[in-house]
Amino acid sequence: MGRFAAPGERGGVVSHRDRYDHFIGGEHVPPAEGGYTAHATPVTGAVFTEVARGTAGDVDRALDAAHGAADRWGGTSAAERATVLAEIADRLEDHVEALAVAETWDTGRPVREALADLPRAVGCFRHFGALIRAQRGGVSRLDDDLVAFHLREPIGVVDRFVPSHAPLLTAAVNLAPALAAGNTAVLRPDDHAPAALHVLVGLVADLLPPGVVNVVTGVGADEAPAGKGADVFFADVAASRDAFYDRAMAGFTTFSLDRALVQTPIHDRFLADATERARAAGPGHPLDTDTAVGAIAGRDRLDRTLSLIAIAERDGARVLCGGQPADLGGELSGGCYLEPTVIAGETRVSRFDLAGPVVRVTSFDHFDDAVKQLCGLNGVGLWSREAGVGFRTGRRVPARRVRVNTFHSGDGDRDALLDRYQRTKTVLVEQGCC
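Residues numbered from 1 in each chain as written. Predicted model: local features only at pLDDT ≥ 70, side-chain atom pairs only at ≥ 80, totals over all residues. Heavy atoms only, no water.

Asker: I'd love a proper account of the overall build of the chain, names of residues and values included.
Answerer: The helix and strand inventory of the chain stands at 13 helices and 18 strands. A globule of 434 residues ought to have a C-alpha radius of gyration of about 22 Å, and the chain, at 24 Å, matches this closely. Taken along the three principal axes of its C-alpha coordinates, the chain extends 80 × 55 × 40 Å. Counting the 434 residues in the chain, one finds 52% classified as buried. If you take every contact in the chain between residues at least 6 apart in sequence, the share linking residues at least 24 apart comes to 75%. If you sum the accessible surface of the chain, you get close to 18,700 Å²; carbon and sulfur atoms cover 49% of it. Across the chain, 46 positive and 58 negative side-chain charges occur, with their mean positions spaced 4 Å apart. (Helix = DSSP H or I, 4+ residues; strand = E, 2+ residues; numbered from the N terminus. Rg over C-alpha atoms; globule rule 2.2 N^0.38 Å. Buried < 20%, exposed > 50% of the residue type's maximum accessible area, 1.4 Å probe, protein only. Contact = heavy atoms within 4.5 Å. Areas by Shrake-Rupley, 256 points an atom, 1.4 Å probe, with all protein chains shown as cover. Lys, Arg positive; Asp, Glu negative; His and termini not counted. Charge placed at Lys NZ, Arg CZ, Asp CG, Glu CD.)

Asker: Provide a residue-level description of the layout of surface pockets, including the pertinent values.
Answerer: Put simply, the second largest pocket is a space of about 320 Å³. Of the residues forming the lining of the second largest pocket, the biggest block, four residues, is contributed by strand 4 (residues 36-40). Grouping the amino acids of the lining of the second largest pocket by side-chain chemistry returns eight nonpolar, nine polar and four charged. (1 Å grid on protein atoms, 1.4 Å probe; cavity = no way out; pocket = protein on both sides within 12 Å on 5 of 7 lines; lining within 4 Å. Points joined across faces, edges and corners; volume = space filled by probe spheres on them. Nonpolar A, V, L, I, M, F, W, Y, C, P; charged D, E, K, R; others polar.)

Asker: Give a detailed account of the side chain of Q263, specifying residues and quantitative values.
Answerer: Among the structural elements, Q263 can be located in strand 12 (residues 259-263). By relative accessible area, which is 15% here, Q263 ends up buried. One polar contact links the side chain of Q263 to the main-chain carbonyl oxygen of D365, over a distance of 3.1 Å. With sequence-adjacent residues up to four places away left out, Q263 is seen in contact with F233, F234, A235, F364 and D365. (Polar contact = N/O pair within 3.5 Å; in protein donor to acceptor, adjacent residues only side chain to side chain.)

Asker: I'd love a proper account of the sheet that holds strand 1 (residues 19-20), names of residues and values included.
Answerer: The sheet built from three strands is open, its strands ordered 1-5-4 with mixed pairing. Every other strand in the sheet has two partners, leaving strand 1 and strand 4 as the edge strands with one partner each. Both strand 1 and strand 5 (residues 47-52) contribute to a ladder of two bridges, which runs parallel. Bridging from a neighbouring strand, Y20 pairs with V51 of strand 5. (Pairing = 2+ DSSP bridges.)

Asker: Let's hear about unusual backbone geometry: which residues, and what values?
Answerer: Most of the time, phi is negative for any residue but glycine, and the peptide bond is trans. With a phi close to 55 degrees, F255 is a non-glycine residue in the positive phi region. Relative to the assigned elements, F255 resides in the loop between helix 8 (251-254) and strand 12. With a relative accessible area of 5%, F255 lands in the buried category.

Asker: Any chance you could break down a negative patch on the surface for me, citing the residues and the numbers?
Answerer: Together, D143, D144, D145 and E430 make up a negatively charged patch on the protein surface. With respect to the helices and strands, D143 occurs in the loop between strand 6 (138-141) and strand 7 (146-154). Residue classification places D143 among the partly exposed residues on the basis of a relative accessible area of 40%. (Patch = residues over 30% accessible without salt bridge, like charges linked within 9 Å, V, L, I, M, F, W, Y side chains within 5 Å. Salt bridge = Lys/Arg side-chain N within 4 Å of Asp/Glu carboxyl O.)

Set out below in structure tokens:
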């Protein structure tokens, strides 16, 4: 597809406001204490907008607006809500490229990743709209005269932090089931990526009653990006250099993993090959659809990652490639880029603190050894040519989601999200007294 024009440039598919206020009660509302923060794109380092700097008073005002709209939105029929979610899906689908460019400009992640995520975001609204339309309550007869009616109700107001990694998909995954269930929402984007969420909400605001969705900026947690998880590579992965081997190695060229655990018999050879591929996968222009490695969302995160890499080296870990800032020259010279980095060995540095194209690699002898290193992860990948490995070992992995021979995270537990945003009310009716 080539390279997209930057927002606001001639031929661009999206433009940003010069200033983003909070979005509360269906209106753009200045911050209570009048503060704004200049927001720069990590792609070039240039400031492209100002964003309201929120305080507790702004959050309270947004919560009041959400509570004020809760009864009206929660009281609509499931069919009405399903119709609105379908309209939101249509609107987003019509603006996929604009949303992808907005997210890339905001976060620095490659536009091809955003373009892959956004159809999934659209699908979330369609899926939960259909799911809520088909949902039914239940009836239990407890004895001859006593009947229990089980009704599904919204929990009320949802307050959600939206991280800087894939913010639009993350927002959709949470917002779609929340709205489908009849809840209202307050969204607080990460301070490193506030603008893309404003673009999304601005596209669909007219489809929702005022106060149903509110956005408060400048109060999001200034956190390191969520980890992409660890992948375990069994010895048979390197039996031959074929399509399967290339697929397993893809994580070292797209950096779709944070940590690799490689079985000892293949560790050295596998690591050498992975490092060679990672070294060749240098960062490029994030708005180019051929770019696999983009920028890091924020100069402070880049600086922190560089300091943590230095700590890892002092701990005795080896930096096999990268570990230095990358200067792409020209208009990108002020951007936040890191050379693709592979770190081998143990270090006290947490995998969750490292941002950007960094992979940590350690070895394991037996799967029991690997399990000990996988605690605290949401997602784990298993790689083996034996089809049964995923089933035999997947249940032993202490993670909520397990991938087998793929880096695609999928949406296998999507339906469970609706339960998170609903509660069941039981109404007991004794018929004999009537």
